[in-house]
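Results of the structural survey
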Amino acid sequence: MSEQMLSVGEAARRLGVKPVTVQRWVDAGNLSALRTIGGHRRIPATEVRRLLADNRSVSESGQVSFWIDQLFEANAAAICEAMRRARRRKGSWYAVVEEIVAAVSEIGAMWEAGECHIYQEHAATEALKRAIHSCLAKHTDKADLGLTVLFTVPGECHSVGLSLAQLVVADAGLDILWLGEGPPEGELALLVDDRRPDLLVTSCSGSSPRAVVEPYEDALLSVAKTQKIQLILAGAGPWSEQSRANRVESFAEFHDALGKLGAAKRTKEGKTKRRAK
């Protein structure tokens, strides 16, 4: 099995630091990295695991281990209750998602190292998806700030991160339309015309081929500009530099982007009400 390579953003997310910190560690020689033909840094997953093992605190290790154990039990109801307890304790879904993502990444690393079976990883993933659905059904705090549509690029099979993103969206007071795999390029404009969303969130992983991502990205940028809606491109996939302003590479960035969107919408609605008076 070939070595898994991570973008700087993905490595930062797993390590719980900012991308600039990862870049600084690479420059200082504390973290090994390679460069793609296009000049982008890629971090070996084994390097990230080494750094985590060297630096993770007992508390952090305990939290990740707890979620790994919960996921391997594959009991969706129990996972849901554990997630809701964690949210009550932490005060936001964003903080809970950060912990769970670390556990999911660790399970992926365990599979790569031959420390768990494929069926165990699949069972854990499906149980988590069901738990997310149950948590969303029980989430009643809404601020009526509009609609977010979430989907992957066509053919993308990795959607756990995007599934977890729904919880962060719910905390931001936005309604959710979950599509899973995204529609063909030709239907993007139809989707926006029909549903009138305020935000599109599209993700892809490093396994998505550039030949698929590039034309889809162009179509997304065109629709967002024409329809005057917000667009967020997530994940470690081969997004181009032209969409840098629309990119998020960590849940911290995603959380911040949603906060700015909500603030802008509230400001706009306040101006509209004042003009109406």
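A brief report on the enclosed structure follows. (Residues numbered from 1 in each chain as written. Predicted model: local features only at pLDDT ≥ 70, side-chain atom pairs only at ≥ 80, totals over all residues. Heavy atoms only, no water.)

Close contact between helix α1 (residues 8–15) and helix α2 (residues 19–28) brings their axes to 8 Å; oriented N to C, the two are set at 100°. By the criterion of interaxial angle, the relationship of α1 to α2 is roughly perpendicular. In contact with Val8, Gly9, Ala11, Ala12 and Leu15 of α1, α2 contributes Pro19, Val22, Gln23 and Trp25. In the contact of α1 with α2, the residues fall into 7 nonpolar, 2 polar and no charged. (Axes fitted to C-alpha atoms, helices over the stretch in contact; angles between N-to-C directions. Helix = DSSP H or I, 4+ residues; strand = E, 2+ residues; numbered from the N terminus. Parallel < 35°, antiparallel > 145°, perpendicular 65-115°, else oblique. Contact = heavy atoms within 4.5 Å. Nonpolar A, V, L, I, M, F, W, Y, C, P; charged D, E, K, R; others polar.)

Within α1, 8 of the 8 residues are buried, which leaves it mostly tucked inside the rest of the structure. Among the residues making up α1, those that are buried are Val8, Gly9, Glu10, Ala11, Ala12, Arg13, Arg14 and Leu15. Once α1 finishes, glycine 16 follows within two positions and takes phi at roughly 75°, a positive value. (Buried < 20%, exposed > 50% of the residue type's maximum accessible area, 1.4 Å probe, protein only.)

The residue tyrosine 216 is located in helix α10 (residues 210–227) in this model. Here tyrosine 216 falls in the buried class, since its relative accessible area comes to 1%. Placed 63 residues apart in sequence, tyrosine 216 and valine 153 show a C-alpha to C-alpha distance of 7.1 Å. Apart from residues no more than four positions distant in its own chain, tyrosine 216 is found in contact with Phe151, Thr152, Val153, Pro154, Gly182, Pro183, Pro184, Glu185, Leu188 and Thr202. Within the local environment of tyrosine 216, its side chain forms a polar contact with the backbone oxygen of proline 183, the two atoms lying 2.7 Å apart. (Polar contact = N/O pair within 3.5 Å; in protein donor to acceptor, adjacent residues only side chain to side chain.)

Our focus in this paragraph is the packing of aromatic side chains. In this description, a pair of aromatic rings is defined by centroid distance and the angle of the planes. Scanning all chains against the criterion turns up 1 aromatic pair. Between the aromatic rings of phenylalanine 66 and tryptophan 67, the centroid separation amounts to 5.1 Å while the plane-to-plane angle is 75°, which identifies the pairing as edge-to-face. Given a relative accessible area of 36%, phenylalanine 66 falls into the partly exposed group. Given a relative accessible area of 2%, tryptophan 67 falls into the buried group. (Phe/Tyr/Trp six-rings, centres within 6.5 Å; stacked < 30°, edge-to-face > 60°.)

With that settled, the discussion passes to the state of the cysteines. The final tally for this structure, using the stated rule, is 0 disulfides. No disulfide involves cysteine 135; its nearest neighbouring cysteine sulfur is the one of cysteine 80, lying 3.5 Å away. Looking at cysteine 135, the relative accessible area reads 1%, which means it is buried. (Disulfide = S-S within 2.5 Å.)

Further remarks concern α2. What α2 keeps buried is the set Pro19, Thr21, Val22 and Val26. Seen from one end, α2 has its buried residues packed into an arc of 160°, which puts them on one side. Those residues of α2 that are exposed and angled more than 90 degrees off the buried face are Asp27 and Ala28. Phi turns positive, to about 85°, at glycine 29, one or two residues after α2. (Arc of directions from axis to C-beta.)

Let's shift gears to the sheet that holds strand β7 (residues 230–234). Spatial strand order, β5-β4-β6-β7-β8: 5 strands in an open sheet with parallel pairing. Edge positions in the sheet fall to β5 (175–181) and β8 (247–248), since each of these pairs with one other strand and no more. Sheet topology places strand β4 (residues 147–152) next to β5; 6 bridges connect them, and they run parallel. Among the inter-strand pairings, phenylalanine 151 is bridged to a residue of β5, identified as glycine 180. Packing against the sheet, helix α9 (residues 188–195) makes contact with β4, β5 and β6 (199–203), and its axis sits at approximately 155° to β4. (Pairing = 2+ DSSP bridges.)

So, about the sheet that holds strand β3 (residues 41–44). Spatial strand order, β1-β3-β2: 3 strands in an open sheet with antiparallel pairing. Taken across any chain shown, the strands that pair with only one partner, and hence form the sheet edges, are β1 (5–7) and β2 (34–35). In this sheet, β3 lies alongside β2 in antiparallel orientation, the contact comprising 2 bridges. Bridge pairing in β3 links leucine 34 to arginine 42. Packed on one face of the sheet, α1 meets β1 and β3 and runs near 90° to β1.

If you walk through the whole model with that rule in mind, you get 9 salt bridges. Residues glutamate 112 and arginine 49 are paired through a salt bridge, measuring 3.4 Å at the closest nitrogen-oxygen approach. In this pair, glutamate 112 sits in helix α6 (residues 93–112) while arginine 49 sits in helix α3 (residues 45–55), placing the two residues 63 residues apart along the sequence. Arginine 49 sits in the partly exposed class, given a relative accessible area of 24%. Note that arginine 195 is salt-bridged to aspartate 194, the shortest N-O span being 3.9 Å. Judged by relative accessible area, arginine 195 falls into the partly exposed class, the value being 47%. Among the residues examined, aspartate 194 registers a relative accessible area of 59% and is labelled exposed. When salt bridges with common partners are traced through the structure, they connect Glu81, Arg84 and Lys138 into a single cluster. (Salt bridge = Lys/Arg side-chain N within 4 Å of Asp/Glu carboxyl O.)

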